[in-house]
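Structural characterization, general
Residue strings, one per chain:
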Amino acid sequence: MKSIKVSSPSNIALIKYWGKRDEKLNLPLNSSVSITLGEEMSVISELKFYEGKGNDRIVVNGRELEETEVGDYAGRVMNKIRELYGNVFLEAVSYTNFPVGAGLASSAAGIAGIVVGANEALHLNLSKREMSILSRIGSGSACRSVFGGIVIWYRGNSGEGSDSYCEQLFPPEHWPLKVIVGIVKESRKPISSRNAMLRVNTSQLLHCRLKTIEDDVMKLVETIKSRDKANFYRIVMKHSNNMHAVILDSWPPVLYLNEISFEIMQWVLENGDMAYTFDAGPNPYIICESDSVNKVVNFLSNIGAKPIVTGVGSGPKILE
Ligand code: DP6
């Protein structure tokens with residue numbers, strides 16, 4: 001038995017992954033860009049890899065995941081690891097310091113942790129690029145959590161996915177942005193991103209989104225490079241709205257945002273000098289520089305949204 005403890009961060013997409021060209025391999029319709037978050041939004045996992053045959057088992061915050069939950073996500077990663085290593089199975093105990101299943105990318109963090117931990121414990125000698133590909137097979141957004149800083153996930157063109165991987169664009173020091181996550185609702189999502197994404201082709205707006213999205217990725221990268229705040233915030237907010245517009249335009253539509261989400265969007269727009277973005281859930285991620293953190297925290301607390309202050313993190317860490 002080989003055991004290892006890993007801390008792996010969640011990430012928040014600035015230009016989002018929504019829709020796949022291959023469901024089994026999680027190959028996306030578009031490239032995406034994300035911020036890897038800090039320790040405040042991480043998962044700590046104790047991983048035990050046993051030689052031989054057995055079922056992969058995962059306990060998250062005290063709840064053992066059902067066989068299908070394991071099989072559809074981390075199990076896909078473990079199957080690939082078995083192809084590389086031989087018979088081995090996983091027992092994982094993970095703790096998150098943020099609510100699971102509320103659209104806060106807990107599966108992304110957990111899966112990246114399993115890949116990074118397996119690479120170390122089983123001496124798989126995978127490069128970071130290969131680890132991002134392996135994580136992607138478990139859950140698309142997980143591939144971005146392998147790297148710290150600001151990360152790009154290339155769409156790629158090949159059918160087998162070797163060119164759909166991630167890279168760090170900028171290290172955390174390049175622009176030490178803050179991210180304040182507001183927990184407005186701790187309940188689980190109405191429908192998972194994986195299932196909601198299956199409907200994306202029913203949206204006419206999707207075609208419009210895909211026409212410009214790769215250019216938008218390049219424009220966003222330019223704004224980060226030059227720390228052009230105004231244009232960066234504008235693109236980030238437009239792309240959050242864009243994904244949710246496509247989700248609303250799909251059939252049946254999914255209502256991820258709620259009344260409080262819209263109140264927060266309004267407030268951010270009125271205040272300026274910051275951006276909101278939402279994944280598949282009502283919880284805002286407000287991005288700003290350090291001098292605006294107190295203002296954001298006070299606002300979120302006043303409207304009953306529990307704030308978690310984090311920032312650009314440095315990626316997964318082996319703890320012991
Ligand atoms: C809204 O990565 O959860 O967070 O690949 O099916 O596991 P699967 O989907 P998942 O989708 C994440 C969608 C998103 C946007 C993003 O993170 O880019």
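Residues numbered from 1 in each chain as written. Predicted model: local features only at pLDDT ≥ 70, side-chain atom pairs only at ≥ 80, totals over all residues. Heavy atoms only, no water.

Let us now look at the overall build of the protein. When helices and strands are counted, the protein shows nine helices and 16 strands. For the protein, whose C-alpha radius of gyration is 19 Å, the value lies close to the compact-globule estimate of 20 Å for 320 residues. With the principal axes as the frame, the protein shows a C-alpha extent of 60 × 40 × 40 Å. Taking contacts inside the protein between residues at least 6 apart in sequence as the whole, the part at least 24 apart equals 76%. By element, 50% of the accessible surface of the protein is carried by carbon and sulfur atoms, the whole surface being about 13600 Å². The centroid of the 35 positive side-chain charges in the protein is displaced by 2 Å from the centroid of its 35 negative side-chain charges. (Helix = DSSP H or I, 4+ residues; strand = E, 2+ residues; numbered from the N terminus. Rg over C-alpha atoms; globule rule 2.2 N^0.38 Å. Contact = heavy atoms within 4.5 Å. Areas by Shrake-Rupley, 256 points an atom, 1.4 Å probe, with all protein chains shown as cover. Lys, Arg positive; Asp, Glu negative; His and termini not counted. Charge placed at Lys NZ, Arg CZ, Asp CG, Glu CD.)

This part takes up the environment of Ser158. With respect to the helices and strands, the residue Ser158 is situated in the loop between strand S10 (150-153) and strand S11 (166-170). Separated by 131 residues in the primary sequence, Ser158 and Leu27 place their C-alpha atoms 9.2 Å from one another. Leave out the neighbours within four places in its chain, and Ser158 touches Arg21, Leu27 and Asp163. Engagement of the side chain of Ser158 in a polar contact is seen with the side chain of Glu160, the distance being 2.6 Å. (Polar contact = N/O pair within 3.5 Å; in protein donor to acceptor, adjacent residues only side chain to side chain.)

The next subject is the nonpolar core. Within soluble globular proteins, side chains that are nonpolar generally end up buried alongside one another. Membership of the largest hydrophobic core comes to 51 residues, with the highest contact counts inside it found for Leu14, Val33, Ile35, Leu220, Ile224, Phe232 and Ile287. Looking at this core, you find at least three residues from each of domain 1 (2-172) and domain 2 (178-311). Excluding residues that lie within four positions of it along the chain, Ile224 makes contacts with Leu14, Val33, Ile150, Phe170, His174, Trp175 and Phe232. Counting 49 residues, the second-largest nonpolar core is a separate cluster that includes Val60, Met78, Leu126 and Leu206. (Core = buried A, V, L, I, M, F, W, Y, C linked by side-chain atoms within 4.5 Å. Buried < 20%, exposed > 50% of the residue type's maximum accessible area, 1.4 Å probe, protein only. Domains from an automatic or database assignment.)

Now for the pairing of strand S7 (residues 57-60). Sheet faces and side chains relate simply in a regular strand, where the side chains alternate between the two faces. Burial of S7 is one-sided: the residues Ile58 and Val60 facing one way are buried, the residues Arg57 and Val59 facing the other way are not. As paired elements, S7 and strand S8 (residues 63-64) share two bridges and run antiparallel to each other. Its bridge partner being in S8, Val60 is matched across the sheet by Arg63. (Pairing = 2+ DSSP bridges.)

It is worth spelling out the site of the ligand at this point. The full set close to the ligand counts 17 residues, and Tyr17, Lys20, Ser139, Gly140 and Ser141 are the nearest of them. Within the backbone of Gly140, one N or O atom sits 2.7 Å away from an oxygen atom of the ligand. Side-chain polar atom of Ser193 to an oxygen atom of the ligand: 3.3 Å apart, as the coordinates give it. For the ligand, whose free accessible area comes to 460 Å², the fraction covered by protein is 95%. Considering every element that reaches the shell around the ligand, the biggest residue donor is helix H5 (residues 193-197), with three residues. In terms of residue class, the shell around the ligand is made up of seven nonpolar, five polar and five charged. Both of domain 1 (2-172) and domain 2 (178-311) provide at least three residues apiece to the shell around the ligand. (Near = heavy atom within 4 Å. Nonpolar A, V, L, I, M, F, W, Y, C, P; charged D, E, K, R; others polar.)

Where two cysteines share a covalent bond between their sulfur atoms, that bond is called a disulfide. Applying the stated criterion to the full structure yields zero disulfides. We note that Cys166 lacks a disulfide partner, and the nearest cysteine sulfur, in Cys143, lies 3.2 Å from it. (Disulfide = S-S within 2.5 Å.)

Further remarks concern the sheet that holds S7. What the six strands build is an open sheet, ordered S8-S7-S9-S6-S1-S16; its pairing is mixed. Strand pairing shows two members of the sheet lacking a second neighbour, S8 and strand S16 (317-318), which therefore form its edges. Relative to S16, strand S1 (residues 2-9) runs antiparallel, the two sharing two bridges. Bridge pairing in S16 links Ser7 to Lys317. Strands in contact with helix H2 (residues 74-85) are S1, strand S6 (42-51), S7 and strand S9 (88-96); relative to S9, the strand with the most contacts, it is inclined by about 140 degrees. Those strands touched by helix H3 (residues 106-121) are S1, S6, S7, S9 and S16, and its axis lies near 140 degrees from that of S1. (Axes fitted to C-alpha atoms, helices over the stretch in contact; angles between N-to-C directions.)

Turning our attention to the pattern of salt bridges. In this structure the tally under the stated criterion is ten salt bridges. Between Arg129 and Glu167 there is a salt bridge; the shortest N-O distance is 3.4 Å. Here Arg129, found in helix H4 (residues 128-138), pairs with Glu167, found in strand S11; they are 38 residues apart in sequence, far enough to count as distant. A salt bridge links Lys229 to Glu289; the nearest nitrogen and oxygen atoms lie 3.1 Å apart. Placement of Lys229 in helix H7 (residues 229-249) and of Glu289 in the loop between strand S14 (285-288) and helix H9 (293-302) is noted, with a sequence separation of 60 residues between them. On the basis of relative accessibility, which here comes to 25%, the residue Glu289 falls in the partly exposed class. Where salt bridges share partners, they join Lys229, Asp273 and Glu289 into one cluster. (Salt bridge = Lys/Arg side-chain N within 4 Å of Asp/Glu carboxyl O.)

On the secondary structure map, Thr223 appears in helix H6 (residues 205-225). Residue classification places Thr223 among the buried positions, given a relative accessible area of 6%. Those residues in contact with Thr223, other than ones at most four positions away along the chain, are Trp175, Asp228, Asn231, Phe232 and Ile235.

What sets the pattern is the α-helix's 3.6 residues per turn: residues three or four places apart point alike. Here H7 spans 30 Å end to end across 21 residues, near enough to the 30 Å set by a 1.5 Å rise per residue. Those residues of H7 that sit buried are Phe232, Tyr233, Ile235, Val236, Met237, His239, Ser240, Met243, His244, Val246 and Ile247. Where H7 is buried, its residues contact strand S2 (11-15), H6, helix H8 (259-271), strand S13 (275-277) and S14. (Expected span 1.5 Å × (residues − 1).)

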